[in-house]
Amino acid sequence: GAVVSQHPSWVICKSGTSVKIECRSLDFQATTMFWYRQFPKQSLMLMATSNEGSKATYEQGVEKDKFLINHASLTLSTLTVTSAHPEDSSFYICSVKDWSSYNEQFFGPGTRLTVL
Amino acid sequence: SQQGEEDPQALSIQEGENATMNCSYKTSINNLQWYRQNSGRGLVHLILIRSNEREKHSGRLRVTLDTSKKSSSLLITASRAADTASYFCATAISYNTDKLIFGTGTRLQVFP
């Protein structure tokens, strides 16, 4: 299956700053990537679907101006948390869908964001 | 919310015992998948069962699907300490198989 990396694995930032998280598909050209958020001891919630070369599709309740997604190439999608606040502290996970494997998604290792 | 529910929320067993986790969902699905997550890590795909399938096996894993009850179960046989993790079911809905809706998860602890 597809190998997915994320960078950074963890980040601590001050309130009001912006943080960029990268998601890379290392061995697979992903036209579609997904961004999830997971609060401690909770499930994953889909934030947005990132489509290469076009605008991302955001889930209801997710602010597109706060969570900027750029999918500029078939192997890289970025999520920028703008003007981060403590309530944005969470575990952010990306995934890619491998069309050859039916509907299976392959997940990155996640990025732990802590906003002070 | 479309989110599925899993029970139990937490399960503690001894090595060698079987672990059963249940998942209920709300919408018509194309397929249902089970994932494992070790603490603070990404998710690992375990098994996928399609809506027209009733049972599937993979090694020590056995998954059942009852679309009439909108439920699924994951059975891990002869559990090992290394099976300690959180387990999530995820459904791909019929009209948009891109989107996965995750269940609330079961935290499994296997004691040696």
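Residues numbered from 1 in each chain as written. Chains lettered and ligands numbered in written order. Predicted model: local features only at pLDDT ≥ 70, side-chain atom pairs only at ≥ 80, totals over all residues. Heavy atoms only, no water.

### A word on the pairing of strand E1 (residues 4-7) of chain A
Residues and elements named next belong to chain A.
- Burial along E1 is one-sided: Val4 and Gln6 are buried, and none of Ser5 and His7, which face the opposite way, are.
- With 4 bridges connecting them, E1 and strand E3 (residues 19-25) associate as antiparallel partners. Bridge pairing in E3 links His7 to Glu22. (Buried < 20%, exposed > 50% of the residue type's maximum accessible area, 1.4 Å probe, protein only. Helix = DSSP H or I, 4+ residues; strand = E, 2+ residues; numbered from the N terminus. Pairing = 2+ DSSP bridges.)

### Overview of the sheet that holds strand E8 (residues 76-81) of chain A
Residues and elements named next belong to chain A.
- Read from one edge to the other, the open sheet built from 4 strands follows the order E1-E3-E8-E7, with strand pairing classed as antiparallel. Sheet topology places E1 and strand E7 (67-73) at the edges, where each strand pairs with a single neighbour. Here the strands of the sheet are splayed against their neighbours by 15° on average, with no regard to which way each runs.
- Note that E3 and E8 share 6 bridges and pair antiparallel. Of the residues in E8, the one forming a bridge with Ile21 is Leu79. (Axes fitted to C-alpha atoms, helices over the stretch in contact; angles between N-to-C directions.)

### Remarks on the environment of B:Ser71
Residue and element names in this part refer to chain B.
- Mapped onto the secondary structure, Ser71 falls in strand E8 (residues 71-76).
- Residues Ser71 and Glu55, spaced 16 residues apart in sequence, show a C-alpha to C-alpha distance of 12 Å.
- Setting aside residues no more than four positions away along its own chain, Ser71 makes contact with Cys23, Ser24, Tyr25, Thr64, Leu65 and Asp66. (Contact = heavy atoms within 4.5 Å.)

### Quick notes on the packing of aromatic side chains
All names here are of chain A.
- Following the criterion strictly, the structure yields 7 aromatic pairs over all chains and no others.
- Each ring, one from Tyr36 and one from Phe107, has its centre 5.5 Å from the other, and the planes form 45°; the classification is tilted. Taken together, the residues Tyr36 in strand E4 (residues 32-38) and Phe107 in strand E10 (residues 105-107) connect sequence positions 71 residues apart.
- Look at Phe107 and you get buried, because its relative accessible area is 10%. (Phe/Tyr/Trp six-rings, centres within 6.5 Å; stacked < 30°, edge-to-face > 60°.)

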